[in-house]
Amino acid sequence: MKEYDYKVSAAGRINLIGEHIDYCGGKVMPAALSLKNTVYIRTNGTNKINLSWTTLPDKVTLDIDKLESYNGLKYGNYQAGAALMWQRAGHKIIGCDMLQDCTVPFGSGLSSSAAIEVSTIAALATIAGEPLDKVDIALKAQQAEREYAGVNCGIMDQYASACGRKDSVMLLDCNTLKCEFLPLRLGDYSLVITNCKKPHNLIESKYNERREETDRALEILQQKLDISCLAELSLAQFKTYGTALSHALKKRVEHIVTESERVRVATLALKAGNIEMLGELLNKSHASLRDNYEVTGREPDALVEAAQSQSCCIGSRLIGGGFGGCTISLVKTNGIDEFKEFAYKTYLKATGYKAEFYDTEISDGISVEKL
Ligand code: GLA
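Conventions and cut-offs
- Residues numbered from 1 in each chain as written.
- Predicted model: local features only at pLDDT ≥ 70, side-chain atom pairs only at ≥ 80, totals over all residues.
- Heavy atoms only, no water.
- Axes fitted to C-alpha atoms, helices over the stretch in contact; angles between N-to-C directions.
- Helix = DSSP H or I, 4+ residues; strand = E, 2+ residues; numbered from the N terminus.
- Parallel < 35°, antiparallel > 145°, perpendicular 65-115°, else oblique.
- Left-handed = near helix turned anticlockwise from the far one by under 90°.
- Contact = heavy atoms within 4.5 Å.
- Nonpolar A, V, L, I, M, F, W, Y, C, P; charged D, E, K, R; others polar.
- Near = heavy atom within 4 Å.
- Polar contact = N/O pair within 3.5 Å; in protein donor to acceptor, adjacent residues only side chain to side chain.
- Areas by Shrake-Rupley, 256 points an atom, 1.4 Å probe, with all protein chains shown as cover.
- Pairing = 2+ DSSP bridges.
- Core = buried A, V, L, I, M, F, W, Y, C linked by side-chain atoms within 4.5 Å.
- Buried < 20%, exposed > 50% of the residue type's maximum accessible area, 1.4 Å probe, protein only.
- Phe/Tyr/Trp six-rings, centres within 6.5 Å; stacked < 30°, edge-to-face > 60°.
- Lys NZ or Arg CZ within 6 Å of the ring centre and 35° of its normal.
- Salt bridge = Lys/Arg side-chain N within 4 Å of Asp/Glu carboxyl O.

Caption draft 1: Spotlight on the packing of helix α2 (residues 112–127) against helix α4 (residues 156–163). Running from N to C, α2 and α4 cross one another at 55°; their axes reach a closest spacing of 9 Å. Relative to α4, the element α2 is oriented oblique. The two elements α2 and α4 meet at a crossing, and its hand is right-handed. For the pair formed by α2 and α4, the contact residues are Ala114, Ala115, Glu117 and Val118 on the first element and Asp157, Gln158, Ser161 and Ala162 on the second. Looking at side-chain class alone, the contact of α2 with α4 contains four nonpolar, two polar and two charged residues.

Following this line, the structure appears as structure tokens:
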């Protein structure tokens, strides 16, 4: 790739625990992956961004003065949205050729879209000679996802994609954006990432629906309580004031409150090296996503069940937006091969889908290399 000036990458992510609470001001525990989107970039002296892909024959040209007009493109939509938000924030966009190389599987719940948005902005800033403010890049990438791609997401994915650190999970407070890095020391256990391969086309509509439900619940509770976000609600307050909510909203809020508590305990468990406790919390998180937040589905549930039924697995849950995508499982390192074989067969028998396992590491967020 010598003909390009820079190689700029941003990461896909997993989330250890803290699901569907980032947009309620909760704390979450994501980590960046070595699965990434890499942008090879060079200036081209025009007012166009020429996009090409290592994995696709398509080529797309974006006019820098009309970035708002590309919404809905099959390929190039995320790049156009990211560039537009960066431009609207007052940054100069320089004409360039970008070759995109994405190793984050699409639709897997590992945030390929965040990796594309974040790496695109970081690449544009790099050729403009701007210093990289990773948090600001994450915020503009989130805006692209919300305003251009139409998913009213929280900040977790873009933040992890931009700011992640090798071998660490991030304890990110989505209310304040304060972030603590915790070394991911799992002792005799390893994290196994498994894709249930169920296309998750429900994700955008159902995701936005959950967000609306939590917004409504917050409004109702704010009539009785002085809280600025649902993650501030304590278990005791929920027990007292939750009665003001409809049955469905109550279940949603129960998830937010209990998941926030699980993140708190998981932090202590991780710091103390109590991996068994972490595993239990993963299982409870999945049960709450399934029963209270109702964002799992037949296939993810079957995969998690196949994982949890094995003695070498101490915890398993669906990660990301839900309705499909990937699970993470905490598995005894010396039992991984049998674990995968059993999970694959059992899941195939239950659903007809062929689960896929990813070999990936916890890695850095944005990285820039001069070529
Ligand atoms: C998606 C969103 C995130 C977060 C997760 C659920 O990945 O982009 O902001 O809400 O779902 O935890």
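Caption draft 2: Expanded view of the site of the ligand. The immediate surroundings of the ligand are formed by Arg13, Glu19, His20, Asp22, Tyr23, Cys153, Gly154, Met156, Asp157, Tyr207, Gly320 and Gly321. At 2.5 Å from an oxygen atom of the ligand is found a side-chain nitrogen or oxygen belonging to aspartate 22. Here tyrosine 207 contributes a side-chain N or O atom positioned 2.6 Å from an oxygen atom of the ligand. The protein chains hide 94% of the 310 Å² of surface that the ligand would expose on its own. In terms of residue class, the shell around the ligand is made up of four nonpolar, four polar and four charged.

Caption draft 3: Seen up close, the sheet that holds strand β11 (residues 326–332). Here we have four strands laid out as an open sheet, ordered β10-β11-β9-β12, and antiparallel in their pairing. The open sheet has two edge strands with one neighbour each: β10 (313–318) and β12 (356–358). Strand-to-strand twist of the sheet, defined as the mean angle between neighbouring strand axes without regard to direction, takes the value 25°. Pairing between strand β9 (residues 189–195) and β11: seven bridges, direction antiparallel. Counted as the bridge partner of threonine 194 is threonine 327 from β11. Sheet strands in contact with helix α8 (residues 275–291) are β9, β10 and β11, and its direction is about 35° off that of β10.

Caption draft 4: Representation of the nonpolar core within the structure. Ile14, Met29, Ile49, Leu110, Val253 and Leu270 are the most contacted members of the largest nonpolar core, which totals 99 residues. A total of eight residues in this core trace back to one element, the largest contributor, which is α2. Setting aside residues up to four positions removed in sequence, methionine 29 forms contacts with Asn15, Leu16, Ile17, Val169, Met170, Leu171, Leu182, Val263, Ala266, Thr267 and Leu270. Judged by nonpolar contacts, the second largest core, of seven residues, contains Val192, Cys313, Ile336 and Phe339.

Caption draft 5: Looking closely at the side chain of serine 285. Secondary-structure assignment places serine 285 in helix α8. Given a relative accessible area of 0%, serine 285 falls into the buried group. Ignoring any residue separated from it by four or fewer positions in sequence, one finds serine 285 in contact with Ile17, Glu259, Arg262 and Arg317.

Caption draft 6: The packing of aromatic side chains, seen in detail. Overall, the coordinates contain three aromatic pairs when judged by the stated rule. Between tyrosine 23 and tyrosine 207, the aromatic rings sit 5.5 Å apart at their centres with planes inclined by 70°, giving edge-to-face as the arrangement. Linking tyrosine 23 in the loop between β1 (6–15) and β2 (27–28) with tyrosine 207 in helix α5 (residues 203–222), this pair joins segments that are 184 residues apart in sequence. Given the relative accessible area of 10%, tyrosine 23 is considered buried. Among the residues examined, tyrosine 207 registers a relative accessible area of 8% and is labelled buried. For the cation-ring pair, arginine 210 lies above tyrosine 293, with the distance from its terminal atom to the ring centre recorded as 6.0 Å.

Caption draft 7: Expanded view of the pattern of salt bridges. Inspection of the entire model under this criterion finds 22 salt bridges. Where aspartate 136 meets lysine 140, a salt bridge forms, and the shortest distance between an N and an O atom there is 2.6 Å. Of this pair, aspartate 136 and lysine 140 both sit in helix α3 (residues 134–148), separated by four residues, roughly a single helical turn. Through salt bridges with shared partners, a single ionic network connects Lys206, Glu209, Arg210, Glu213, Lys251, Arg252 and Glu294.

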